[in-house]
Amino acid sequence: MNAAQNKSPHLTGGLCLYTPSSEKYVKEIKLNRIYKLACLACNKGFTLIEILVVVVIISIIASFVTVNYFKHIDEANKDAAKTQIEILGTGLDTLKINVGRYPTTDEGLEALVSAPSNMKKWKGPYLKKGKKIPKDPWGNDYVYLYPGTHGDYDLVSFGADGVSGGEGKNADVVSWDE
């Protein structure tokens, strides 16, 4: 046997150096297939580094998505508060048409769902859902003042923090801003 014939197909990149007529050639092909199958079995999984790189990439993408998601939630809550303030304002205006005045600060927004004792012409409830004054999107009560300092009445939601003032999601939502 010469030196070229001593090499296995595994070491020669799968090339067989024997002629097809030899018995060794058939054995070599079988060994070659076994080596290839063994190598494929070894390479089926991922390395720890590959998995960590994928996890880091997914985490970065998720952080961008999460930030944008919560940004939209804050804007949606502000829009919901503005819409509820407009609905409460419509109810207050309708009550004024029926009774001739807005409810006092002491009578509050409850006058929209149940008649105060001193309102004889009350024809409510003045809210569609009837029995209860809604809370703002952050779970706080709306603040109603009559007479208002910015209009006939003032309706305010103090935002996510529930405290007057603030910026961003903590900014007040008020009835007198367009």
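Now for a description of the structure that goes with this document. (Residues numbered from 1 in each chain as written. Predicted model: local features only at pLDDT ≥ 70, side-chain atom pairs only at ≥ 80, totals over all residues. Heavy atoms only, no water.)

### A closer look at the overall build of the protein chain
Tallying secondary structure elements over the protein chain gives three helices and three strands in all. Going residue by residue from the N terminus, the α and β elements of the protein chain occur as α-α-α-β-β-β. Of all 178 residues assigned to the protein chain, the portion counted as buried reaches 25%. Sequence-distant contacts in the protein chain: of pairs separated by 6 or more residues, those separated by 24 or more amount to 35%. As displayed, the protein chain offers around 12,600 Å² of accessible surface, 60% of which is attributable to carbon and sulfur atoms. (Helix = DSSP H or I, 4+ residues; strand = E, 2+ residues; numbered from the N terminus. Buried < 20%, exposed > 50% of the residue type's maximum accessible area, 1.4 Å probe, protein only. Contact = heavy atoms within 4.5 Å. Areas by Shrake-Rupley, 256 points an atom, 1.4 Å probe, with all protein chains shown as cover.)

### A few points about the nonpolar core
Of all hydrophobic cores here, the largest spans 22 residues; its most connected members are Leu92, Leu95, Leu109, Leu112 and Leu155. At six residues, the largest contribution of residues to this core is made by helix H3 (residues 48-99). Dropping the residues within four chain positions of it, Leu112 is found in contact with Leu88, Gly91, Leu92, Leu95, Trp122, Pro125, Tyr126, Leu127 and Ile133. (Core = buried A, V, L, I, M, F, W, Y, C linked by side-chain atoms within 4.5 Å.)

### Remarks on the pattern of salt bridges
Applying the stated criterion to the full structure yields two salt bridges. The shortest N-O distance in the salt bridge between Glu107 and Arg101 comes to 3.0 Å. Exposure remark for Glu107: the relative accessible area of 16% places this residue in the buried category. Note on Arg101: relative accessible area 25%, which makes it partly exposed. The salt bridge partner of Lys135 is Asp141, with a shortest N-O separation of 2.6 Å. On the basis of relative accessibility, which here comes to 44%, the residue Lys135 falls in the partly exposed class. For Asp141, a relative accessible area of 53% puts it in the exposed group. (Salt bridge = Lys/Arg side-chain N within 4 Å of Asp/Glu carboxyl O.)

### Details of the sheet that holds strand S3 (residues 173-174)
If you trace the three strands from one edge of the open sheet to the other, you get S1-S2-S3, paired in antiparallel fashion. The open sheet is flanked by strand S1 (143-145) and S3, the only strands paired with a single partner. (Pairing = 2+ DSSP bridges.)

### Concerning a nonpolar patch on the surface
Taken together, the side chains of Leu48, Ile49, Leu52, Val53, Ile57, Ile61 and Val65 define a hydrophobic patch exposed on the protein surface, amounting to about 680 Å² of accessible area. As for its placement among the helices and strands, Ile49 is situated in helix H3. Classification of Ile49 as exposed rests on a relative accessible area of 58%. (Patch = residues over 30% accessible without salt bridge, like charges linked within 9 Å, V, L, I, M, F, W, Y side chains within 5 Å.)

### Regarding H3
Owing to its 3.6 residues per turn, the α-helix aligns residues three or four sequence positions apart on the same side. Taking 1.5 Å per residue, 52 residues should reach 76 Å; H3 reaches 74 Å between its end C-alpha atoms and fits that length. Within H3, the full set of buried residues consists of Asn77, Lys78, Ala81, Ile85, Leu88, Gly89, Gly91, Leu92, Leu95 and Val99. Contacts made by the buried residues of H3 are with S1, strand S2 (154-157) and S3. Gly100 occupies a position one or two residues after H3 and carries a positive phi of about 100°. (Expected span 1.5 Å × (residues − 1).)

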